[in-house]
Amino acid sequence: MARVKSLCVFCGASGAVDPVYRDAATRFGALLAKAGVELVFGGGRIGLMGLLAEAVMTGGGKVTGVIPRHLHDFEIGDRKPLGELHIVETMHERKALMFARSDAFAVLPGGLGTLDETFEVLTWKQLGLHDKPIVVVDTGGYWNPLIHMIERVVATGFAPPSSRDLMRVVGTPEEVLPLLASLPEPSLAPPSRFTS
Ligand code: AMP
């Protein structure tokens, strides 16, 4: 069984969303802290990202953020960063470091940035570059169109049926850690350029 010590969470930088999404982010942060799972995330203090990281900190957990220099003012501003913060130069460096520091990924509702980050780890997995678990949290059915799109991609022959297995879908944050604990250890060592 896999022991996930650090979890990278992708989620929205917007907080102007239904409370159901905000509440799920806060609950998830509290659960990570309680379980002693380190949060690796984009470092921002805004939106669901901020709520999630604040909840981990409030619960006494460990937080590691990775932010590109040019987004520092927008996503953190003049407030104190949450947890340990790594400042990098580019978006690509951000994603590479978040990847290297994590044993698995979880995806909460989010916007285009969340989609970008999610598809990068999905496609890296499809290409055999890693074997880390990816769990999508489908709060209120938010990710249904994404799940249907992947079904369509497979049904039309643009991806093999095995692409369905690249990610697992759960309905609530409460299901993420039990699912991760039940999965086998990743069998593939990531290539050296993805390790820190
Ligand atoms: P969003 O889902 O659009 O609210 O964005 C969530 C987070 O993803 C924010 O911290 C964005 O800065 C980040 N983000 C957006 N695009 C990228 C990208 N290409 N690479 C890395 N992070 C990104």
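Residues numbered from 1 in each chain as written. Predicted model: local features only at pLDDT ≥ 70, side-chain atom pairs only at ≥ 80, totals over all residues. Heavy atoms only, no water.

**Looking at the pairing of strand E2 (residues 38–41)**
Logical step 1: Side-chain alternation along E2 places Glu-38 and Val-40 on one buried face and Leu-39 and Phe-41 on a second face that is also buried.
Logical step 2: Both strand E1 (residues 6–10) and E2 contribute to a ladder of three bridges, which runs parallel. Opposite Leu-7, over in E2, you have Leu-39 as the bridge partner.
Logical step 3: Viewed along the sheet, the connection from E1 through helix H1 (residues 19–35) into E2 turns out right-handed.
Logical step 4: Relative to strand E3 (residues 63–68), E2 runs parallel, the two sharing three bridges. In the sheet register, Leu-39 faces E3, and the bridge partner there is Val-63.
Logical step 5: Handedness of the crossover joining E2 and E3 through helix H2 (residues 47–58) is recorded here as right-handed. (Buried < 20%, exposed > 50% of the residue type's maximum accessible area, 1.4 Å probe, protein only. Helix = DSSP H or I, 4+ residues; strand = E, 2+ residues; numbered from the N terminus. Pairing = 2+ DSSP bridges. Right-handed = clockwise from strand over helix to strand, strands pointing away.)

**What about the site of the ligand?**
Logical step 1: In the vicinity of the ligand there are 16 residues, among which Ala-13, Glu-75, Gly-111, Gly-113 and Thr-114 approach most closely.
Logical step 2: Glu-75 is positioned with one of its side-chain polar atoms (N or O) 2.6 Å from an oxygen atom of the ligand.
Logical step 3: Lys-95 places a polar side-chain atom, nitrogen or oxygen, 3.5 Å from a nitrogen atom of the ligand.
Logical step 4: With respect to the detected pockets, the ligand is housed in the largest pocket.
Logical step 5: Mapped onto the shell around the ligand, the elements with two or more residues apiece are helix H4 (91–100) and helix H5 (112–126).
Logical step 6: With five residues, H5 is the single largest residue contributor to the shell around the ligand.
Logical step 7: Residues belonging to the shell around the ligand are distributed by class as follows: six nonpolar, five polar and five charged. (Near = heavy atom within 4 Å. Polar contact = N/O pair within 3.5 Å; in protein donor to acceptor, adjacent residues only side chain to side chain. 1 Å grid on protein atoms, 1.4 Å probe; cavity = no way out; pocket = protein on both sides within 12 Å on 5 of 7 lines; lining within 4 Å. Sits in = over half its atoms within 2 Å of the grid points. Nonpolar A, V, L, I, M, F, W, Y, C, P; charged D, E, K, R; others polar.)

**Quick look at H1**
Logical step 1: With 17 residues, H1 should cover 24 Å at 1.5 Å per step; its first-to-last C-alpha distance of 24 Å lies within 8% of that length.
Logical step 2: Lining the buried residues of H1 we find E1, E2, H2, strand E5 (104–107) and helix H7 (176–182).
Logical step 3: Put simply, Asp-18 is the residue that caps the front of H1, since its side-chain oxygen is 2.8 Å from the backbone nitrogen of Val-20.
Logical step 4: After H1 finishes, the residue Gly-36 shows a positive phi value of roughly 70°. (Expected span 1.5 Å × (residues − 1). Contact = heavy atoms within 4.5 Å.)

**Some remarks on the pattern of salt bridges**
Logical step 1: Inspection of the entire model under this criterion finds ten salt bridges.
Logical step 2: In this structure, the salt-bridge partner of Arg-94 is Glu-75, at a minimum N-O distance of 2.9 Å. Highlighted residues: Arg-94 in helix H4 and Glu-75 in helix H3 (residues 72–75), separated in sequence by 19 residues. As far as burial versus exposure is concerned, Arg-94 and Glu-75 are alike and both buried.
Logical step 3: Here Lys-95 makes a salt bridge to Asp-116, at a shortest N to O gap of 2.6 Å. Remark: Asp-116 occurs in helix H5 and Lys-95 occurs in helix H4; sequence separation between them is 21 residues.
Logical step 4: A residue is classified by how much of its surface remains accessible, and Asp-116, at 40% relative accessible area, is partly exposed.
Logical step 5: Three or more residues are tied together by salt bridges with common partners; here these are Asp-23, Arg-27 and Glu-174. (Salt bridge = Lys/Arg side-chain N within 4 Å of Asp/Glu carboxyl O.)

**Regarding the sheet that holds strand E6 (residues 134–137)**
Two orientations exist for strands paired in a sheet by backbone hydrogen bonds: parallel and antiparallel.
Logical step 1: Taken together, seven strands build an open sheet; the order of strands is E4-E3-E2-E1-E5-E6-E7 and the sheet is parallel. The outermost strands of the open sheet, each flanked by one partner alone, are strand E4 (84–88) and strand E7 (168–170). Each strand axis lies, on average, 25° off the axis of its neighbour in the sheet, ignoring direction.
Logical step 2: Here E6 runs beside E7; their pairing, made up of three bridges, is parallel. Opposite Val-136, over in E7, you have Val-169 as the bridge partner.
Logical step 3: With respect to the sheet, H2 is in contact with E1, E2 and E3, its orientation differing from that of E2 by roughly 160°. (Axes fitted to C-alpha atoms, helices over the stretch in contact; angles between N-to-C directions.)

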